[in-house]
Amino acid sequence: MSVEPRGCKLTSMILALLASTAGRSRSAQRTGTIMMTATDAVETSAETALNQALAALRNRGSSLDADAIVEYRNWFTSRSATVAVVGEVSRGKSSVVNALIADPTFAPVGEDETTTVSLSFCPPTERLPAGSIHLEFPGGEQAISREELSDWVTANGTYTGTDVGAALLGVSAGHHSPGLPGVIVVDTPGAGGLSEIHARRAVVTAERAAILLAVTDASGRLSAPAIHFLESCTKFTRAVIVVVNKIDRNRSGWEKVLDDNRAAIASHLAANPEVRFPHVEFVGVSALFALKGITTGDNRWTEQSRFPELQSVITNILEGVDRYALATALTQAIQVLNRMSERLRQEEQAASGTDDVIDDLNRHRSRVAELSKKMNRYQHHISQQLTHLQLEVEGELSERLRMLDDQWRAWLGKKITGMSKADFANAQSSIVAELDTISSEIQQTLEERVSSIIKSMFESADLDIPVALIDGPETEDPSPLNIRGATGTDLRSIGFLLMGSNLGRAASAPLSGFMDRALGGGLGGGFSSVMSLAGIGVGLMFGGRIQKRQALLDGLPRASAELKEHFRRNLTRSVSAVRDGAVLEFKDAIDEEVERLNKLMADARAAKQQSDEERRKAKANLTNERRVLDGLLKATERELARLTPTGNQMGITRL
């Protein structure tokens, strides 16, 4: 007797945005079932359970909920994951990047070719076709040829330190990476070595998920700064691969170097029990051999390079990210099945046709209808919460910018004798990275907390939370994770944990969709548009003025003031849209529930007029239907439990 919900505006808003934002990566097919191919027996079984659950939802009149589950998962799995490569100076970072993308000369290599901005090798799209290179500026993009790339991105490049070069935010290149299809490989600036800020920026701005590759070499144990860097990574990622390059120079001893590095980290943890560490994989490679294999086509060089092992580690971790998307879909399906089971139970009661049941339904309907009379109160409450949140976030932004200003003033204070061209370029890229990181982190905080406010409003009224805002499964947060080599760990469980930490913009995509649709496309991307620092005409930061030390000092507070005003103006507009959209969705949910209860009451009154035998048969049919549904629900819950890595399944130990 179920009816299709007639409101569901939040769900339709989200689906429309997800369909419209697929331009930067592979397009998701719109089908009635999930788009992925399972990789093992557990996932195959989970896929089957999910599709059975989706079929049950559609058969019971919840096609919109089923479509929301499918669309969000397909949207998520169509996003490009990111591999961010950082490295100590002269360890072969850019050579590792070139080996990963299977192009020996694309990323500039050499001591005189140190990169000053992030260079992203992206799966080709309509916006960024294969072979194209786009410079990213505050006001837009500029296409260049491959031959011009070094002039823009290296410390001694023609445009480095010039007025136009100082405003460069980053570079994107459309490129097929055969060993890592669909993955964005980011060559972070080399001038800063193992830079936490550039690594953090690449991770927190990733569309889907990010793995950090820290490149060192086989000449000896990890340096103290390298260990400190790995420790700092815990603040923003749970998946780090230490790539020990140049094993060709230490063929008999590189494996011992890997063991020594693990021992060095273990010793550091033993001496500092309060320290937390991400999961760390160690893989020895030879970029030299890999590039020879690419150049000559001789697979023997490729095999000796051990790059296939590195690619396998990356791929396995990313499979865990896809597994988390499957687990989230199962979690959403389970919650909707639970709702459906409860409604079938109510239909069973209505089939009895007793006066008590009719009275209970009438009281329930009156309670729900009463919510409509309290809409002004709910609207006032959510307005208060969002206004309070806005003030908190504005305060956090001000504090983060103040700290940034203090940090760079202290750094500039040490540059009494002036700054070289490379110093200016490194300062520029680091400031850009820090601003972009602040932007992304505050954006994620906003989206998570606004989502929580909307969900709490529905929960307080005992109304169903919109499917797209149902959280994925929680994951454990052990510390530290086991430090392993390239084998012996179920790396998919690490990818699962990576997504469970709720990092990456994909986790908050539903709310961004709600924002964009609520504004009628006015922001073109929800909170990401509000918080985008790259689009602010601050010259990011001050264009050519960065050449002068005093101009940099003067420009920081001016840029901060412009940023805060831009943020305040757009956030006020966005919060208003969230309030209006949430209240409208809330009202529709009330109307749908009243309509459903009216139908139940009509059925109960009709049952009262039936014979005992007719009522018995009707109730028996509903009871059997509910039992079948509950059996499917329990089976789906079992599959979710099997799919979700916990305890020993993850290979987690304490050192």
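Up top you'll find the structure we're talking about.
Residues numbered from 1 in each chain as written. Predicted model: local features only at pLDDT ≥ 70, side-chain atom pairs only at ≥ 80, totals over all residues. Heavy atoms only, no water.

**Q** Got a sec to walk through the nonpolar core? Specific residues and values, please.
**A** L100, V171, L213, I241, F307, L310 and I314 are the most contacted members of the largest nonpolar core, which totals 48 residues. It is helix α12 (residues 307-352) that contributes the most residues to this core, eight residues altogether. Counting residues in hydrophobic clusters, the runner-up holds 46 residues, among them V357, V368, L563 and M601. (Core = buried A, V, L, I, M, F, W, Y, C linked by side-chain atoms within 4.5 Å. Buried < 20%, exposed > 50% of the residue type's maximum accessible area, 1.4 Å probe, protein only. Helix = DSSP H or I, 4+ residues; strand = E, 2+ residues; numbered from the N terminus.)

**Q** Any details on the pairing of strand β6 (residues 183-187)? Residues and values, ideally.
**A** In terms of burial, β6 is a largely internal element, five of the five residues being buried. As paired strands, strand β2 (residues 119-122) and β6 are joined by three bridges and run antiparallel to one another. Looking at β6, one finds that L119 is bridged to D187. (Pairing = 2+ DSSP bridges.)

**Q** Account for helix α10 (residues 287-296), naming residues and giving values.
**A** Taken together, the buried positions of α10 are occupied by A287, F289, A290, L291 and G293. In this fold, the buried residues of α10 make contact with α4 (93-100), β8 (239-245), α11 (299-305) and α12. After α10 finishes, the residue G297 shows a positive phi value of roughly 75°. (Contact = heavy atoms within 4.5 Å.)

**Q** Go over the pattern of salt bridges, please, and point to the residues and values.
**A** In the structure shown here, the tally under the stated rule is 32 salt bridges. When the shortest N-O distance is used, the salt bridge between K608 and D355 registers 2.5 Å. Of the two residues, K608 sits in helix α19 (residues 549-608) while D355 sits in helix α13 (residues 355-373), which places them 253 residues apart along the sequence. We classify D355 as partly exposed; its relative accessible area is 43%. Through salt bridges that share partners, R339, R343, D464, E593 and R596 make up one connected network. (Salt bridge = Lys/Arg side-chain N within 4 Å of Asp/Glu carboxyl O.)

**Q** Outline the packing of aromatic side chains, supporting the account with residue identities and numerical values.
**A** Enumeration according to the criterion identifies four aromatic pairs in this entry. Here the aromatic rings of F106 and F121 are separated by 4.9 Å at their centres, their planes lie at 70°, and the arrangement is edge-to-face. You can see F106 sitting in the loop between α4 and β2 and its partner F121 sitting in strand β2, a full 15 residues away along the chain. When sorted by exposure, F106 lands in the same class as F121, which is buried. Ring centres 5.6 Å apart and planes at 80° place the aromatic pair F458 and F586 in the edge-to-face group. Of the two residues, F458 sits in helix α15 (residues 421-460) while F586 sits in helix α19, which places them 128 residues apart along the sequence. Residue class for F458 comes out buried when judged on its relative accessible area of 1%. (Phe/Tyr/Trp six-rings, centres within 6.5 Å; stacked < 30°, edge-to-face > 60°.)

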